[in-house]
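Chain by chain, the residues:
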Amino acid sequence: MNNKNIQPVKGTHDIHGEEIKKFNFIVEKFYSLTNKFNFQQVQTPIIEHQDLFTRSVGEHTDIVSKEMYAFTDKGDSTICLRPEATSSIARFAASEYLSGSMKISTHGPMFRRERPQKGRYRQFHQINIENIGEKSPYVDFEMIMVANSLLKEIGVEKKHFRLILNSLGSQADQLNYSKILIDYLSQYRSKLSETSLSRLEKNPMRILDSKDEQDKEILTNAPVISENLSQESTVYFNQVKELLDNNGIDYTIDHKLVRGLDYYTDTAFEFQTNEDKRQNAILAGGRYDKLISLISPRDIPGVGWAAGVERLMSLVNIKNDKEEKLKVLLAVQNDQFLLKSEILKKIYNLNCIHEIKINKNIKKIFSYADKNNFDFILLIGDEENLNNKIVLKNLKTKEQKIFNQSEIKLDHEIR
RNA sequence: GCGGGUGUAGCUCAGCUGGUUAGAGCGCCGGUUUGUGGUACCGGAGGUCGGGGGUUCAAGUCCCCUUACUCGCCCCA
């Protein structure tokens, strides 16, 4: 027999105990907040056509080029586990969008085949909101505002995170700026790192994000995107900033903030924690006016963000919430005593947390109840079973009574 | 894809420069207490020391390979 342990798949993990409480806490806060802003919940499938992401996220991005879980279906279609949610929501919106502002909230598991480490998993969970159909500085501001409130709401202190902001400009601006950047960087070809050199052709703006020391040095005098934006994008960005200023949301402008997904235009933002130097991006997003046109015949603007639930969990402390309901343990010394007993129906009808324990050792029963913080024990031991009696003990007051099983009124006695 | 660290009981870990029968705490089972919670004390079960190879009279300990986990790089939430 093969009785070796089967490990969870690399980079995946079971969420349980205190962790699942944190997880649910964050997701519940997320929905209660976004419901207030009239976001409508949508659940999209976990599997999608691979095309969806190559066309939206971009085939040269790491996410698509090396981190996708893709497989061929029994038909001939190439299916993948979604690496992010925005593309799926965009697909949904492309078919369902009517007019005005379509506000969507969602959450669920995402999959990226990366090397796992602290705060980074192959299956991880995101909460997302998207606002599709309306382009306005207010809409961008509102997304950031909700993000900021959520962090506050789940108890992440203001001093533990910061908001980084940038504008990438319109698609035309990005093309224009890329050329300027290529011109500048070309004179340093021999000094650029290998990855930056390959990006020079495919996606020059990503070079701004380089962690290479020499690249960073070269970039200090590089032309800045904010000085190469169209008038329209500049005004737009200024108005987003004005709304943030007037509503007390602090931010830092970082001209080098570029998102790792190709579809972003204009406003880009990222909430970073200073708790953890490594995986410090806890929530990130931006505007994506051309995304829907990449995957459908329609051309609809949008803006959105995603936050990593596991990363938020590491910043959240929840107080040990007191059980509001009473806990009742029905203990029998022999499972045969349950066969004809009326007591099961009565206990199932109680508005209490209840558990049935079968153990011949009375001491064990009480010890178990004590360790697990039960309020009451209902006991049918060998003696009680003989004449259909049942013992009820209040473990807090230590008061103990004996009843006939058929006569005991549980909802009257347990409160 | 590339580096570093770690794999010993169900869990958390000791185990010195190789040297008798591999240890502790927690948990579990039983007893002191015939059916009443905590504490204490006593006893018990439970290990191919991640796997394979090598060096040696002798390997949990040293060397090589492999695998899993973990931390970091890249990248990202």
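Rules of the game
Residues numbered from 1 in each chain as written. Chains lettered and ligands numbered in written order. Predicted model: local features only at pLDDT ≥ 70, side-chain atom pairs only at ≥ 80, totals over all residues. Heavy atoms only, no water. Helix = DSSP H or I, 4+ residues; strand = E, 2+ residues; numbered from the N terminus. Rg over C-alpha atoms; globule rule 2.2 N^0.38 Å. Buried < 20%, exposed > 50% of the residue type's maximum accessible area, 1.4 Å probe, protein only. Contact = heavy atoms within 4.5 Å. Areas by Shrake-Rupley, 256 points an atom, 1.4 Å probe, with all protein chains shown as cover. Lys, Arg positive; Asp, Glu negative; His and termini not counted. Charge placed at Lys NZ, Arg CZ, Asp CG, Glu CD. Axes fitted to C-alpha atoms, helices over the stretch in contact; angles between N-to-C directions. Parallel < 35°, antiparallel > 145°, perpendicular 65-115°, else oblique. Nonpolar A, V, L, I, M, F, W, Y, C, P; charged D, E, K, R; others polar. Left-handed = near helix turned anticlockwise from the far one by under 90°. Pairing = 2+ DSSP bridges. Near = heavy atom within 4 Å. Polar contact = N/O pair within 3.5 Å; in protein donor to acceptor, adjacent residues only side chain to side chain. Core = buried A, V, L, I, M, F, W, Y, C linked by side-chain atoms within 4.5 Å. Domains from an automatic or database assignment. Salt bridge = Lys/Arg side-chain N within 4 Å of Asp/Glu carboxyl O.

A.B. asks: Can you walk me through the overall build of chain A in this structure?
C.D. replies: Within chain A, the regular secondary structure consists of 15 helices and 16 strands. For chain A, whose C-alpha radius of gyration is 29 Å, the value lies well above the compact-globule estimate of 22 Å for 415 residues. Judged by the C-alpha coordinates and their principal axes, chain A covers about 95 × 60 × 45 Å. Per-residue burial for chain A yields a buried fraction of 47% across its 415 residues. Residue pairs in contact within chain A that sit at least 24 positions apart in sequence constitute 69% of those at least 6 positions apart. For chain A, the exposed surface amounts to about 22,600 Å²; the carbon and sulfur share of it is 46%. Treating the 59 positive side-chain charges of chain A as one cloud and the 58 negative ones as another, the clouds have centres 6 Å apart.

A.B. asks: Sorry if this is basic, but what is going on with the packing of helix α2 (residues 50–58) against helix α4 (residues 86–96) here?
C.D. replies: What describes two packed helices is the angle between their axes and the distance between those same axes. At their nearest, the axes of α2 and α4 sit 10 Å apart, and the two run at 105 degrees to each other. Our classification of the angle between α2 and α4 gives roughly perpendicular. Taking contact as the criterion, the partners of L52, F53, S56 and V57 in α2 are, on α4, S87, S88 and R91. When its residues are assigned to classes, the contact of α2 with α4 shows 3 nonpolar, 3 polar and 1 charged.

A.B. asks: Got a minute to help me understand the packing of helix α5 (residues 137–153) against helix α9 (residues 231–246) in this structure?
C.D. replies: Direction vectors running N to C along α5 and α9 enclose 45 degrees, while the axes themselves pass 9 Å from each other. For the element pair α5 / α9, the angle class is oblique. Here α5 runs over α9; the crossing is right-handed. Of the residues in α9, those touching α5 at P137, Y138, D140, F141 and I144 are Y236, Q239, V240, L243 and L244.

A.B. asks: Is there a simple way to explain the sheet that holds strand β12 (residues 327–332) in this structure?
C.D. replies: Neighbouring strands of a sheet are bound in pairs by backbone hydrogen bonds; such pairs are parallel or else antiparallel. In space, the 5 strands of this open sheet follow the order β13-β12-β14-β15-β16, with mixed pairing throughout. Each end of this open sheet is capped by a strand with a single partner; those strands are β13 (353–358) and β16 (400–404). Averaged over all neighbouring strand pairs, the angle between strand axes comes to 20 degrees, with direction disregarded. Of the strand pairs in this sheet, strand β15 (residues 389–394) and β16 are connected by 5 bridges, and their pairing is antiparallel. Each bridged residue has a counterpart across the sheet, and for L392 the counterpart in β16 is K401. On top of the sheet, helix α13 (residues 362–371) reaches β12, β13, β14 (376–380) and β15; it is set at about 160 degrees to β14, its chief contact.

A.B. asks: Can you walk me through the protein's contact with RNA strand B in this structure?
C.D. replies: Around RNA strand B sit 47 residues in total, of which R112, R115, R120, G260 and L395 are the nearest. At 3.2 Å, a side-chain N or O of R199 approaches a phosphate oxygen of RNA strand B. One of the backbone nitrogen or oxygen atoms of G308 is found 3.3 Å away from a sugar or linking oxygen of RNA strand B. Sorting elements by how many residues they give to the surface near RNA strand B places α13 first, with 7 residues.

A.B. asks: Where do I start with the pairing of strand β6 (residues 123–132) in this structure?
C.D. replies: Among the 10 residues of β6, 9 are classified as buried, and the element is accordingly described as predominantly covered. Pairing between strand β5 (residues 102–111) and β6: 10 bridges, direction antiparallel. Counted as the bridge partner of G108 is Q126 from β6.

A.B. asks: Would you mind showing me how to read unusual backbone geometry here?
C.D. replies: The phi dihedral of D266 falls on the positive side, at around 50 degrees, and the residue is not glycine. By the secondary structure assignment, D266 is in strand β9 (residues 265–273). On the basis of relative accessibility, which here comes to 2%, the residue D266 falls in the buried class. Phi at N373 is positive, roughly 60 degrees, even though this residue is not glycine. Note that N373 resides in the loop between α13 and β14. Residue N373 is classed as partly exposed on the basis of its relative accessible area of 48%.

A.B. asks: Looking at this structure, how should I read the nonpolar core?
C.D. replies: What tends to happen in soluble globular proteins is that the nonpolar side chains get buried as a cluster. Core analysis: the largest hydrophobic core is formed by 43 residues, its most contacted members being I132 and L185. Within the residue set of this core, elements represented by two or more residues are α2, α3 (62–66), α4, β5, α6 (171–186), α8 (213–219) and α10 (291–295). Those residues in contact with L185, other than ones at most four positions away along the chain, are L192, L200, I207, I218 and L219. Counting 39 residues, the second largest nonpolar core, distinct from the first, contains F30, F271, L283 and W305.

A.B. asks: Just to check I follow, could you spell out the domain arrangement of chain A for this structure?
C.D. replies: By convention, interface size is frequently given as the accessible area that disappears when the constituent parts associate. By the assigned domains, chain A splits into domain 1 (17–170 + 230–313) and domain 2 (327–413). If you average the C-alpha positions of domain 1 and of domain 2, the two centres end up 51 Å apart.

A.B. asks: So what exactly am I meant to see when it comes to the pattern of salt bridges here?
C.D. replies: As a working rule, side chains carrying opposite charge can pair if their charged atoms are close by. This model, assessed by the stated rule, comprises 14 salt bridges. The closest approach of N and O atoms between E18 and K21, which form a salt bridge, is 3.5 Å. Of this pair, E18 and K21 both sit in helix α1 (residues 17–36), 3 residues apart, which is roughly one turn of that helix. Of the residues examined, E18 reaches a relative accessible area of 47% and is grouped as partly exposed. The partner of E142 in a salt bridge is K103, with the nearest N and O atoms 2.8 Å apart.

A.B. asks: What am I meant to see in the sheet that holds β6 here?
C.D. replies: Ordered in space as β1-β5-β6-β11-β10-β9-β7-β8, the 8 strands form an open sheet in which the pairing is mixed. Sheet topology places β1 (40–41) and β8 (252–253) at the edges, where each strand pairs with a single neighbour. In terms of strand pairing, strand β10 (residues 281–287) meets strand β11 (residues 302–308) through 5 bridges, oriented antiparallel. The residue of β11 that forms the bridge with R287 is V303. Here α5 sits on the sheet in contact with β5, β6, β7 (161–167), β9, β10 and β11, set at roughly 15 degrees to β11.

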